[in-house]
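# Breakdown of the fold
Chain residues, written in single-letter form:
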Amino acid sequence: MPVKRDNLLEKYSAKLYKNRKEHIVQLDGEDAKIAANTRAVPGVMTARGCCYAGCKGVVVGPLKDVCVITHGPIGCSFYSWGTRRNKARVEEGEQNFTSYCFSTDMQESDIVFGGEKKLEKAIDEAVALFHPKCVMICSTCPIGLIGDDVQAVAKRAEKKHGIKAIGFSCEGYKGVSQSAGHHIANNGLMREIIGTGDRAPENIFSVNILGEYNIGGDGWEEERLLKRCGIEVVSIFTGDGSYESLQNAHLAKLNIVMCHRSINYIAEMIKEKYGIDWIKVNFIGVKATIRSLREIAKYFGDPALVERVEEVIADELSLIEDEMESIRLKLAGKTAGIFSGGSRSHHYQMLLADLGMETVIAGYEFAHRDDYEGREVIPFIKEDADNRNIEVLRIQKDEGMYRKFHSPEKMEVLKDEIELDRYGGMMRDMDAGDIVVDDYNHFETDELIKGVKPDIFFSGIKDKHSIQKAGVVSRQMHSYDYSGPYAGFNGAVIFGRDVAMALCTNAWTLVKPPWHDEPMLVGELTGGESHA
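It should be emphasised that the depicted structure is a prediction, and the values quoted were computed from it without experimental measurement. (Residues numbered from 1 in each chain as written. Predicted model: local features only at pLDDT ≥ 70, side-chain atom pairs only at ≥ 80, totals over all residues. Heavy atoms only, no water.)

## Examining the pairing of strand S14 (residues 473-476)
Applicable threshold: Burial classes: relative accessible area under 20% of the type maximum marks a residue as buried, over 50% as exposed, and values in between as partly exposed (1.4 Å probe, protein chains only). Here a helix means four or more residues in a row that DSSP labels H or I, a strand means two or more in a row labelled E, and each is numbered from the N terminus. Strands are labelled as partners when DSSP assigns at least two bridges between them. Orienting the strands away from the viewer, one traces the path from the first strand over the helix to the second; a clockwise path indicates a right-handed crossover.
Here S14 shows no split at all, with Val-473 and Arg-475 on one side and Ser-474 and Gln-476 on the other all buried. Looking at chain direction, strand S13 (residues 456-459) and S14 are connected through 4 bridges and run parallel. The residue bridging Phe-457 from the neighbouring strand is Ser-474, located in S14. Chirality of the crossover, the property in question, places the unit of S13, helix H20 (residues 461-469) and S14 among those that are right-handed.

## Remarks on unusual backbone geometry
Most peptide bonds are trans, and most residues other than glycine sit at a negative phi. Thr-238 follows Phe-237 through a cis peptide bond whose omega is 0 degrees. In this structure, the amide linkage connecting Gly-484 to the following residue, Pro-485, adopts the cis form with an omega of 0 degrees. For Pro-485, the location among the structural elements is in the loop between S14 and helix H21 (488-504). If you check the backbone angles, Arg-85 has positive phi at about 55 degrees while not being a glycine. Tracing the backbone shows Arg-85 in the loop between helix H4 (74-79) and strand S3 (102-103). Residue class for Arg-85 comes out buried when judged on its relative accessible area of 16%. Within the chain, Tyr-482 stands out as a residue other than glycine whose phi angle is a positive 65 degrees. Relative to the assigned elements, Tyr-482 resides in the loop between S14 and H21.

## Points about the pairing of S13
Residue alternation in S13 divides its side chains into two sets, Ile-456 and Phe-458 and Phe-457 and Ser-459, and both sets are buried. Pairing between strand S10 (residues 335-340) and S13: 3 bridges, direction parallel. Bridge pairing in S13 places Gly-337 opposite Phe-457.

## Here's the deal with the sheet that holds strand S5 (residues 164-168)
This is how the line gets drawn: Only heavy atoms enter the contact rule, under which two residues are in contact if any of them lie within 4.5 Å. What counts as an axis is a line fitted to C-alpha atoms, over the stretch in contact for a helix, and the angles between N-to-C directions run from 0 to 180 degrees.
Spatially, the 4 strands line up as an open sheet ordered S3-S2-S4-S5, and their pairing is parallel. Whereas interior strands pair on both sides, the edge strands pair on one side only; in this sheet they are S3 and S5. Note: strand S2 (residues 66-71) against strand S4 (residues 134-139), 6 bridges, orientation parallel. From the neighbouring strand, Ile-69 faces S4, where its bridge partner is Ile-137. On the sheet, helix H6 (residues 116-130) packs against S2, S3 and S4 and is oriented at approximately 155 degrees with respect to S2. Sitting on the sheet, helix H8 (residues 150-161) is in contact with S2, S4 and S5, with an inclination near 175 degrees to S5.

## Considerations on H8
The following threshold applies: One less than the residue count of a helix, multiplied by 1.5 Å, gives the span that helix is expected to have. Throughout, the arc means that of the directions going from the helix axis to the C-beta atoms. For the purposes of these results, a polar contact is taken to be a pair of N or O atoms within 3.5 Å, where, inside protein, one atom must be able to donate a hydrogen and its partner to accept one; residues adjacent in sequence count only when each atom of the pair is a side-chain atom.
With 12 residues, H8 ought to run about 16 Å at 1.5 Å a step, and its terminal C-alpha atoms sit 16 Å apart, in line with that. Of all the positions in H8, only Val-150, Val-153, Ala-154, Ala-157 and Glu-158 are classed as buried. Along the long axis of H8, the arc covered by the buried residues comes to 145 degrees, so they all point the same way. Opposite the buried face of H8, by more than 90 degrees, sit the exposed residues Lys-159 and Lys-160. For H8, the N-terminal capping position is held by Asp-149, with its side-chain oxygen 3.3 Å away from the main-chain nitrogen of Gln-151. Downstream of H8 by a residue or two, Gly-162 has a phi angle that is positive, lying close to 70 degrees.

## Side note on the sheet that holds strand S6 (residues 206-212)
Strands sit in the order S7-S6-S8-S9 across an open sheet of 4 strands; the sheet is parallel. The open sheet has two edge strands with one neighbour each: strand S7 (232-238) and strand S9 (278-280). Shown here is a sheet whose adjacent strand axes are inclined to one another by a mean of 25 degrees, direction ignored. Relative to strand S8 (residues 254-257), S6 is paired through 4 bridges, and the arrangement is parallel. Directly across from Leu-210, in S8, lies its bridge partner Val-257. Where helix H12 (residues 260-274) meets the sheet, it contacts S6, S7, S8 and S9, and its direction lies at approximately 145 degrees from that of S6.

## Quick word on the layout of surface pockets
Stated precisely, the cut-off is as follows: Put plainly, a pocket is an open set of points on a 1 Å grid over the protein atoms alone with protein on both sides within 12 Å along at least five of seven lines, a cavity is a set where a 1.4 Å probe fits but cannot get out, and a lining residue has an atom within 4 Å of a point. Grid points are joined across faces, edges and corners, and a volume is the space filled by probe spheres set on the points. By the convention adopted, Pro, Cys, Tyr, Trp, Phe, Met, Ile, Leu, Val and Ala count as nonpolar, Lys, Arg, Asp and Glu as charged, and the other residues, Gly among them, as polar.
Volume-wise, the largest pocket comes out at about 1,100 Å³. What lines the largest pocket is a set of 36 residues, among which Tyr-265, His-368, Ile-378, Ile-381 and Asn-387 lie closest to the centre. Secondary structure elements with two or more residues in the lining of the largest pocket: helix H9 (178-192), H12, helix H16 (369-373) and helix H17 (385-388). If you tally residues by element for the lining of the largest pocket, the top one is H12, at 6 residues. Of the residues in the lining of the largest pocket, the class split is 14 nonpolar, 10 polar and 12 charged. In this model, the second largest pocket occupies a volume close to 830 Å³. Contributing to the lining of the second largest pocket are 49 residues, with Gly-57, Val-58, Thr-83, Arg-84 and His-478 lying nearest its centre. When residues in the lining of the second largest pocket are grouped by element, the largest group, 4 residues, is from helix H3 (residues 51-60).

## Notes on the packing of aromatic side chains
Quick note on the threshold: Pairing of aromatic side chains here covers Phe, Tyr and the six-membered ring of Trp, requires ring centres within 6.5 Å, and sorts the geometry by plane angle: under 30 degrees stacked, over 60 edge-to-face, intermediate tilted. Placement of a positive charge over a ring is assigned whenever Lys NZ or Arg CZ falls within 6 Å of the ring centre and within 35 degrees of the normal to the ring plane.
Per the counting criterion, the structure on display carries 20 aromatic pairs. Judged by centre distance (5.8 Å) and plane angle (80 degrees), the ring pair of Phe-97 and Phe-130 falls under edge-to-face. Here Phe-130 lies in helix H6 and Phe-97 lies in the loop between H4 and S3, a separation of 33 residues in the sequence. With respect to burial, Phe-97 and Phe-130 carry one shared label: buried. Among the aromatic residues, ring-to-ring pairing joins Tyr-348, Phe-458, Tyr-480, Tyr-486 and Phe-495 into one connected group. One Lys or Arg, Arg-89, reaches over the ring of Trp-220 and ends 3.8 Å from the middle of that ring. For the cation-ring pair, Lys-280 lies above Tyr-423, with the distance from its terminal atom to the ring centre recorded as 5.1 Å.

Structure below.
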């Protein structure tokens, strides 16, 4: 590989070099260690989002029957409005608020005199107009600075309107990235909603899908496959999810975790309180989907379910194998870079491999070390002031509802066979020589493109257009560029079509920026000649 880790570091100042050198790893076949979940250097053009973006934009925003009010300036609410394409179906007689943008629209005078009264008025108006079952309040940076108590306002609203109201103190500056917002949202859902329902699943084989946000309809495709296999989905956290379904999440038999980073807190807390196990799954990619379905069936251990899963897998494969082979012929040998959030950079490496492509550079925007190295490193991660800033709930076993599906002896056997209560991390599925970058920035992206020259680059909207201007195809993974679903067997075909189309019609390689031939700015020194 032409580019080396040091190529990305040599142009940095001493201060920046010291900060970034542990966040960039070139794999050598041995167990690697990477720095993660630390603050980005001010002034570096990081692709990260803020704590508010993690809480409202990722976790609670997709809930379809919840009125989520952003308490802050309108720009924060507008930024998080519909940008991730979290699809939701409207149940008969129900409402869907995901297409709405609710905000208190804080102005200068509100910042000076306080915004609690304005927030209460906004809740009154929302309840009168829309009659939601639940109201959630997500605070932004100015709210934390002026000290508005959103939890107190929520409690007053509950008493006044007789509905559930929850305040999230997810000011953007908390923590080091949107990861802090995930944690805060997980805490609120666990404390206020999960366990308050009593509608038991009808099927003995029932699951919650955690960390699935139904971008482009991914969650619907996963639910379709599970239902074909005879597995009931109790709730989805939180794409096409609802307040009522989350209330009953504690009655499922198993939690399956898609996005490890955003929702692993709830997986662990539900296990501690109710005894429900979780397994890490991946429905992105053909082989990964097959493995996930088989591991779910193996957990339940029912021979009829195992047989049914194999029948579904064989049927689904028969429907896509011809087109997958056609796509594979076009993409075999191509290389890719992928930088996104959650577990997606790891997930999509599996799908790219199904298509005959190789991921040579990868990383996350807001991961922790266990997302890269595996959960066994968690006891060795040093806690800093930013981590202590986020509340860790102390969960007590619910003696009345706590139950285990398997005996301790059976659990020991299963741990050797499936990814039960653990996650091995991304780097173990990458090859020696590949480069892993945590909290990547624009400069490093440009240098990687020049040095590695990937055929296609998957990332977010913040850097998509600069990548295309460098002549490299870019697909953004936060909204799928208005395509999808990409999950499951059908999703693999749709993804393959999109990638093949992009690589076979790469208009950006034909575009020559005007500044390559002549300067865009011309200046003149007094008494001297004109200089570009």
